[in-house]
Amino acid sequence: MPLDEDVVAAIYRDHGTALKRFVLSVSRDPQLADDVVQETVLRVWQQAPQITGSLRSYLFRTARNIMIDNYRKAQRRPQEAGDRDVQALPEGGVGAGRIDELLNKVLMEEALLRLSAEHREVLVALHYRRYTVQEASAQLKIPSGTVKSRAFYAVRALRTILDEMGVQQ
Amino acid sequence: MNGTELHHFLGAYLLGGLEPAEAAAFEQHLAVCAHCRQELDELATLPALLDAIPVSDAVALTAAAAAARDRALVPPEPEPVPSRLLDELAARRRKVRRRWTSAVAAAAAACLGLGILAGPLLNQPAKPDASYSVAASSGLEVTVGLVKKTWGTELAVDGRSLPVAGTLSLWVKDRDGGVDRACAWTATPTGRVRITGATPVQLARIASVEMRDEQQQTVAVIAVPQG
């Protein structure tokens, strides 16, 4: 049986960097980010036997919940100057809604990175750069028929990836 | 234009990359193809989800991914696991409660679930100690830390809400069915005890650890999964 230390260390090694990147996109306080990452890993460790689906997206959602809890706690006691929870928020105090936006962004980035490079390239060209099939064909130096079929398989693959990650569609 | 080709227009149509004439052709196809209509319906939320990523970040992602591929040739050193995390883990492990009657099943389930998570680390040599906790609905809680020694195994027992009368004892069962008493003590009125026992049974050979009361009734069993 793997020891708890090994399990926690494995979660941290495999996902710690990505989690920290996510938390830091919400909070600029590195110490607080470390706290959130630690709490996330430990909570997920405690619940590990019940997890189905992607561990990564579960970790992100857990981190999101912890950050929102921190945010609500900070809201309830706004007088405490220098409270680190207050600094957990990006400037402007955008709060819980913004955390969800960032979570969606991080999850979608994760999903795009799981696509093959060829699929991602076509998806970015058509959806984000707003190229037509013809323009993408010229830009990527592939026939326009290939752009279309890659776009077709890319959206299918993305849907499967999002299902696996447990992203609500 | 054959049917397969038109089916394949779906991706570019969804992402908005078709020329007007092609888009019109695909829409005509949609009117007669239930399969494409259903697929388009299932994918309808995708563009909005993609919009969660700002354009510049998405474009950077293709470049970043290419750079990551190059970097992958030289895998980065994994970040060291902070010792603070492991300290906190040790503190919480003592609080993990499992239902007494299902302790064995829970341990097996945890093993299964965690085994998947642990991945490649399983190939690393096991650490010399292991720690197991169980709790009963009566409130009884026992944590036993097993420490590998050259002479056998040391057992650090931390119990609370134990029976408060008589003599209690801790027994080690090895994988061949042999039983060894690791330690015995007089029950404390508070139901708490911290005691260290010892057994010549090697850690890897321990199948279970039992606590018994004065009448030799088992009050707690900790099944040690085979390492």
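The sections below set out a description of the structure shown in this document. Everything numeric here is computed off the predicted structure, so don't read it as measured data.

## Concerning the overall build of chain A
Alright, step 1. Counting its regular elements, chain A contains 8 helices and 0 strands.
Alright, step 2. Mapped from its N terminus to its C terminus, chain A presents α and β elements in the order α-α-α-α-α-α-α-α.
Alright, step 3. Taken across its 169 residues, chain A has 52% of its residues classed as buried.
Alright, step 4. For chain A, contacts bridging at least 24 residues in sequence account for 64% of all contacts bridging at least 6.
Alright, step 5. When the accessible area of chain A is evaluated, it comes to approximately 7600 Å², of which 45% is carbon and sulfur surface.

## Comments concerning the sheet that holds strand E7 (residues 206-212) of chain B
All names here are of chain B.
Alright, step 1. Pairing is antiparallel in the open sheet, where 4 strands are placed in the order E5-E4-E7-E8. Two strands close off the open sheet at either side, each with one partner strand: strand E5 (179-186) and strand E8 (218-223). The average undirected angle you get between the axes of adjacent strands in this sheet is 15°.
Alright, step 2. Note that E7 and E8 share 5 bridges and pair antiparallel. Paired with Ser208 across the two strands is Ala223, which belongs to E8.

## Remarks on helix H3 (residues 20-32) of chain B
All names here are of chain B.
Alright, step 1. Its 13 residues give H3 an end-to-end C-alpha distance of 19 Å, which sits within 8% of 18 Å, the value for a rise of 1.5 Å per residue.
Alright, step 2. Every buried residue of H3 is accounted for by Glu22, Ala23, Phe26, His29 and Leu30. All buried residues of H3 lie within an arc of 120° about the axis, which places them on one face of the element. The exposed set on the far side of H3, more than 90 degrees from its buried face, consists of Pro20, Ala21, Gln28, Ala31 and Val32.

## A short note on the packing of helix H7 (residues 133-140) of chain A against helix H8 (residues 144-165) of chain A
Residue and element names in this part refer to chain A.
Alright, step 1. Between H7 and H8, the shortest axis-to-axis distance is 8 Å and the interhelical angle comes to 105°. It follows that H7 is roughly perpendicular to H8 by the angle criterion. Note on element contacts: H8 touches H7 through Ser144, Val147 and Lys148, opposite Val133, Gln134, Ala136 and Ser137.
Alright, step 2. Considered class by class, the residues forming the contact of H7 with H8 number 3 nonpolar, 3 polar and 1 charged.

## Digging into the pattern of salt bridges
Alright, step 1. Here the structure, examined in full by the defined rule, presents 15 salt bridges over all chains.
Alright, step 2. Its salt-bridge partner being A:Glu109, residue A:Lys105 comes within 3.1 Å of it at the nearest N-O pair. Here A:Lys105 and its partner A:Glu109 are both found in helix H5 (residues 96-114), 4 residues apart, which amounts to about one turn of the helix. Like A:Glu109, A:Lys105 is buried.
Alright, step 3. Among the salt bridges present, the one from B:Lys173 reaches B:Glu210, with a minimum N-O distance of 3.2 Å. With a gap of 37 residues between them, B:Lys173 in strand E4 (residues 167-174) and B:Glu210 in strand E7 connect regions that are remote in the sequence.

## Focus: the packing of helix H1 (residues 4-26) of chain A against helix H7 (residues 83-93) of chain B
Alright, step 1. For the pair H1(A) and H7(B), interaxial distance at closest approach is 10 Å and the crossing angle is 135°. With respect to each other, H1(A) and H7(B) are oriented oblique. In the packing of H1(A) onto H7(B), the handedness of the crossing is right-handed. Note on element contacts: H7(B) touches H1(A) through B:Leu85, B:Leu86, B:Leu89 and B:Arg93, opposite A:Asp4, A:Glu5, A:Val8 and A:Tyr12.
Alright, step 2. For the contact of H1(A) with H7(B), the class distribution of residues is 5 nonpolar, no polar and 3 charged.

## A few points about H7(A)
Alright, step 1. Three or more residues of H7(A) are buried, namely A:Val133, A:Ala136 and A:Ser137. Buried residues along H7(A) cover an arc of 105° about the axis, so they all sit on one side.
Alright, step 2. Those residues of H7(A) that are buried are in contact with helix H6 (117-128) and H8 of chain A together with helix H2 (9-14) of chain B.
Alright, step 3. Looking one or two residues beyond H7(A), the residue adopting positive phi is A:Lys141, at roughly 55°.

Scoring rules and cut-offs
- Residues numbered from 1 in each chain as written.
- Chains lettered and ligands numbered in written order.
- Predicted model: local features only at pLDDT ≥ 70, side-chain atom pairs only at ≥ 80, totals over all residues.
- Heavy atoms only, no water.
- Helix = DSSP H or I, 4+ residues; strand = E, 2+ residues; numbered from the N terminus.
- Buried < 20%, exposed > 50% of the residue type's maximum accessible area, 1.4 Å probe, protein only.
- Contact = heavy atoms within 4.5 Å.
- Areas by Shrake-Rupley, 256 points an atom, 1.4 Å probe, with all protein chains shown as cover.
- Pairing = 2+ DSSP bridges.
- Axes fitted to C-alpha atoms, helices over the stretch in contact; angles between N-to-C directions.
- Expected span 1.5 Å × (residues − 1).
- Arc of directions from axis to C-beta.
- Parallel < 35°, antiparallel > 145°, perpendicular 65-115°, else oblique.
- Nonpolar A, V, L, I, M, F, W, Y, C, P; charged D, E, K, R; others polar.
- Salt bridge = Lys/Arg side-chain N within 4 Å of Asp/Glu carboxyl O.
- Left-handed = near helix turned anticlockwise from the far one by under 90°.

Worth remembering: the numbers are spatial, not functional.
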